[in-house]
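Analysis of the macromolecular model
So the chains spell out like this:
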Amino acid sequence: PNRGPQRAMETDDEPVAKAGVKTGGLNIDIHPLVIVNISDHGTRKKSLAKGKASRVLGILLGVQEGRDVEICNSFECDYKIVDGSIQIDKDYLEVKAEQYKKVFERYEPLGWYSNSPEKVNLGEVLTGDIELHKQIAATYENPLYVLLDTSMAPGSRELPMQIFESELHIIDDAPTFTLAKSNYKLKTEDAERISVDQVSRLSTAGSNGSSALSSHLTSLNSAITMLQKRVQQILLPLEAMQRGEIPMDHSLLRQVQSLCNRLPAVDTAEFDGELLEQQRDALLVAYLGTMTKGTNTANEVTDKYNLAFERQSRRRGLF
């Protein structure tokens, strides 16, 4: 459970530096696609939790050349709560990173991201982030940490995002991980600029009710909701009659039967063809997903087989 914000540069218990101190020396560029991915991940998780803000985690991908870092993309990662602390699925990280490496050969894992379901002050991180950073650092060297505050109200003029660099300090004669807030710049390409501009226009138009697509979807949703409520009003007395809770009303039954008879019967060759086509498309997508999972499993088995026999051949070579 989230117990509130803590200082960015700290050990597990005591703060070691004030918030807002810039100690990192990297030149960091981040693409809008990464910010959109984090925001979308948090929105989907909140929707699945029925409006309750939830923590989301993911891995940052990009290119690093010397002190110049460019964060280009990201992917989500799984985690579970064990004894009140977050444990990241490292096997999933390795498989996902390998899949992205096959598609984007230049990209490498640069760190991790998280959202903040509650307000976070400048230069602060959430409780437990140091331990999470240690888990990521065990897999990726010198990871960056991007924290996006998703608790900000809509219409905020400032980008509620902070980027931290990992540093190792000697505190009380012991090496200790700390986080140093770093500056960053937004870097966009033409395709990203067009996409972000389109999303911002739809968002602004939707808030004013002037978007044709937004208005159409809103009216369609209202119509379906109203239809569902009216059908439910018809079903409730019919189900009560069937259970014997209320006396049988033959007049109402005749009206319901007349209403059902007036419904159009969809039994044409055109409808059957479209339904069959949609069914085939759905089955094709399901088959592709099954084939992808099977291929992934086969690759894992092959890697384990090669690793096992490679070790065995090395042992034989020793003798």
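The text that follows walks through the structure, step by step, so that each part is easy to find. Note that the structure is a prediction, hence the values are computed from the model and not measured.

Attention now goes to the sheet that holds strand S7 (residues 108-116). One open sheet holds the eight strands; their spatial order is S11-S10-S9-S7-S3-S4-S2-S12, and the pairing between them is mixed. Looking at strand neighbours, the two that pair on one side only are strand S11 (174-182) and strand S12 (184-186), the edges of this open sheet. Within the sheet, the average angular offset between the axes of one strand and its neighbour, ignoring direction, is 35 degrees. Pairing analysis gives three bridges linking strand S2 (residues 27-30) to S12, with the strands arranged parallel.

Moving on, we get to the nonpolar core. Formed by 24 residues in total, the largest nonpolar core has its most connected members in Leu57, Ile59, Ile88, Leu93, Trp112, Ile136 and Tyr145. Those elements giving two or more residues to this core turn out to be strand S3 (57-65), strand S4 (68-76), strand S6 (85-88), helix H2 (90-103), strand S8 (124-126), helix H3 (129-137) and strand S9 (144-149). With four residues, the single largest contributor to this core is S3. Those residues in contact with Trp112, other than ones at most four positions away along the chain, are Arg55, Leu57, Gly58, Ile59, Leu60, Asp129, Leu132, His133, Ile136, Leu144, Tyr145 and Val146. By size, the runner-up hydrophobic cluster in this structure holds 16 residues, among which are Leu26, Leu60, Val69 and Leu148.

The next subject is the pattern of salt bridges. Enumeration according to the criterion identifies six salt bridges in this entry. Measuring nitrogen to oxygen at the nearest pair gives 2.2 Å for the salt bridge that ties Arg44 to Glu76. Taken together, the residues span a long stretch of sequence, with Arg44 in helix H1 (residues 32-48) and Glu76 in strand S4 at a distance of 32 residues. Linking Arg55 and Asp129 is a salt bridge whose minimum nitrogen-to-oxygen distance equals 2.4 Å. Placement of Arg55 in the loop between H1 and S3 and of Asp129 in helix H3 is noted, with a sequence separation of 74 residues between them. Grouping residues by exposure puts Arg55 and Asp129 together as buried. Through salt bridges with shared partners, a single network forms among Asp40, Arg44 and Glu76.

Below, the discussion takes up a negative patch on the surface. A contiguous patch of negative charge, built from Asp78, Asp89, Asp91, Glu94, Glu98, Glu300 and Asp303, is present on the exposed surface. Mapped onto the negative patch, the elements with two or more residues apiece are H2 and helix H7 (269-318). Its relative accessible area of 42% is what places Asp78 among the partly exposed residues.

Bringing the environment of Tyr140 into the picture now. Following the sequence through the fold, Tyr140 ends up in the loop between H3 and S9. Taking the relative accessible area as the measure of exposure, Tyr140 reaches 11% and is therefore buried. Remark: the alpha-carbon pair of Tyr140 and Gly111, spanning 29 residues in sequence, is separated by 7.1 Å. Those residues within four positions of Tyr140 in sequence are excluded, and the remaining contacts are Ile59, Leu93, Ala97 and Pro109.

Scanning all chains against the criterion turns up five aromatic pairs. Centroid distance Phe75 to Tyr100: 5.2 Å. Interplanar angle 20 degrees. Geometry classified as stacked. Placement of the pair is Phe75 in strand S4 and Tyr100 in helix H2, with a sequence separation of 25 residues. Relative accessible area serves as the criterion here: at 3%, Phe75 is assigned to the buried category. Pairing Phe104 with Tyr107 gives two aromatic rings, centres 5.1 Å apart and planes at 15 degrees, and the pair type is stacked. On the basis of relative accessible area, Phe104 is assigned to the partly exposed category, the value being 31%. Members of the aromatic cluster, each reached through a chain of ring pairs, are Phe75, Tyr100, Phe104 and Tyr107.

So, how was this worked out
- Residues numbered from 1 in each chain as written.
- Predicted model: local features only at pLDDT ≥ 70, side-chain atom pairs only at ≥ 80, totals over all residues.
- Heavy atoms only, no water.
- Pairing = 2+ DSSP bridges.
- Helix = DSSP H or I, 4+ residues; strand = E, 2+ residues; numbered from the N terminus.
- Axes fitted to C-alpha atoms, helices over the stretch in contact; angles between N-to-C directions.
- Core = buried A, V, L, I, M, F, W, Y, C linked by side-chain atoms within 4.5 Å.
- Buried < 20%, exposed > 50% of the residue type's maximum accessible area, 1.4 Å probe, protein only.
- Contact = heavy atoms within 4.5 Å.
- Salt bridge = Lys/Arg side-chain N within 4 Å of Asp/Glu carboxyl O.
- Patch = residues over 30% accessible without salt bridge, like charges linked within 9 Å, V, L, I, M, F, W, Y side chains within 5 Å.
- Areas by Shrake-Rupley, 256 points an atom, 1.4 Å probe, with all protein chains shown as cover.
- Lys, Arg positive; Asp, Glu negative; His and termini not counted.
- Charge placed at Lys NZ, Arg CZ, Asp CG, Glu CD.
- Phe/Tyr/Trp six-rings, centres within 6.5 Å; stacked < 30°, edge-to-face > 60°.

From the geometry alone we can't say anything about function, so treat these as descriptive.
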